[in-house]
Amino acid sequence: MVQIGNEIKHDKNWVKEGMLYALIGIGSRNRNLNTTIIKLSDRIGEIDIDYGETSCAAPNPSRSLRSEKLQQKLS
């Protein structure tokens, strides 16, 4: 997780996207990981991924991990 935090802003688009989805997957496992990944995501901030001229948008791990549905699942 530390490696993702250190490298995510400096990698290629498809690697950044993979790292964002990895953070979401890890943070969805249990309450402790959820809290840790939310803190990491907040520290990292928004990640820009160039999808060209499409309507695609980069996932936001912090928002996804704070969702009411996931929080209920982890309770």
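Higher on the page you've got the structure.
Residues numbered from 1 in each chain as written. Predicted model: local features only at pLDDT ≥ 70, side-chain atom pairs only at ≥ 80, totals over all residues. Heavy atoms only, no water.

Undergrad: Tell me what's going on with the packing of helix H2 (residues 13-27) against helix H3 (residues 31-44), and back it up with residues and numbers.
TA: Between H2 and H3, the shortest axis-to-axis distance is 8 Å and the interhelical angle comes to 150°. By the angle class used here, H2 and H3 are roughly antiparallel. Taking contact as the criterion, the partners of Leu 23, Ile 26 and Gly 27 in H2 are, on H3, Leu 33, Asn 34, Ile 37, Leu 40, Ser 41 and Ile 44. Residues that form the contact of H2 with H3 fall into these classes: six nonpolar, three polar and no charged. (Axes fitted to C-alpha atoms, helices over the stretch in contact; angles between N-to-C directions. Helix = DSSP H or I, 4+ residues; strand = E, 2+ residues; numbered from the N terminus. Parallel < 35°, antiparallel > 145°, perpendicular 65-115°, else oblique. Contact = heavy atoms within 4.5 Å. Nonpolar A, V, L, I, M, F, W, Y, C, P; charged D, E, K, R; others polar.)

Undergrad: Pulling in residues and values, what's your account of the environment of Leu 65?
TA: Looking at the element boundaries, Leu 65 is found in helix H4 (residues 61-65). Residues Leu 65 and Ile 24 lie 41 residues apart in sequence; the distance between their C-alpha atoms is 6.6 Å. The residues touching Leu 65, leaving out its near neighbours within four places in the chain, are Leu 23, Ile 24, Gly 27, Ser 28, Asn 34, Ile 37, Ile 38, Leu 70 and Gln 71.

Undergrad: I'd like to hear about the nonpolar core, residue by residue, with values.
TA: By size, the foremost hydrophobic cluster in this structure holds 15 residues, and its most contacted members are Ile 8, Leu 23, Ile 44 and Ile 47. At the level of elements, H2, H3 and helix H5 (68-74) are the ones that each hand at least two residues to this core. With residues up to four places along the chain from it excluded, the contact list for Leu 23 reads Ile 4, Ile 37, Leu 40, Ser 41, Ile 44, Pro 61 and Leu 65. (Core = buried A, V, L, I, M, F, W, Y, C linked by side-chain atoms within 4.5 Å. Buried < 20%, exposed > 50% of the residue type's maximum accessible area, 1.4 Å probe, protein only.)

Undergrad: Go over the layout of surface pockets with me, naming the residues and quoting the values.
TA: Considering only enclosed or pocket space, the largest pocket measures out at about 250 Å³ in volume. Forming the boundary of the largest pocket are 16 residues, of which Gly 45, Glu 46, Ile 47, Pro 59 and Asn 60 lie nearest the centre. Breaking the lining of the largest pocket down by element, the ones donating at least two residues are H2, H3 and H4. Looking at which element gives the most residues to the lining of the largest pocket, the answer is H4, with three residues. Across the lining of the largest pocket, the residue classes tally to nine nonpolar, four polar and three charged. (1 Å grid on protein atoms, 1.4 Å probe; cavity = no way out; pocket = protein on both sides within 12 Å on 5 of 7 lines; lining within 4 Å. Points joined across faces, edges and corners; volume = space filled by probe spheres on them.)

Undergrad: Run through the pattern of salt bridges, naming residues and quoting values.
TA: On inspection of all chains with the given rule, the structure shows one salt bridge. With a closest N to O distance of 2.7 Å, Asp 42 and Arg 66 form a salt bridge. Of the two residues, Asp 42 is situated in helix H3 and Arg 66 in the loop between H4 and H5; the sequence distance between them amounts to 24 residues. Judged by its relative accessible area of 41%, Asp 42 is partly exposed. For Arg 66, a relative accessible area of 44% gives the class partly exposed. (Salt bridge = Lys/Arg side-chain N within 4 Å of Asp/Glu carboxyl O.)

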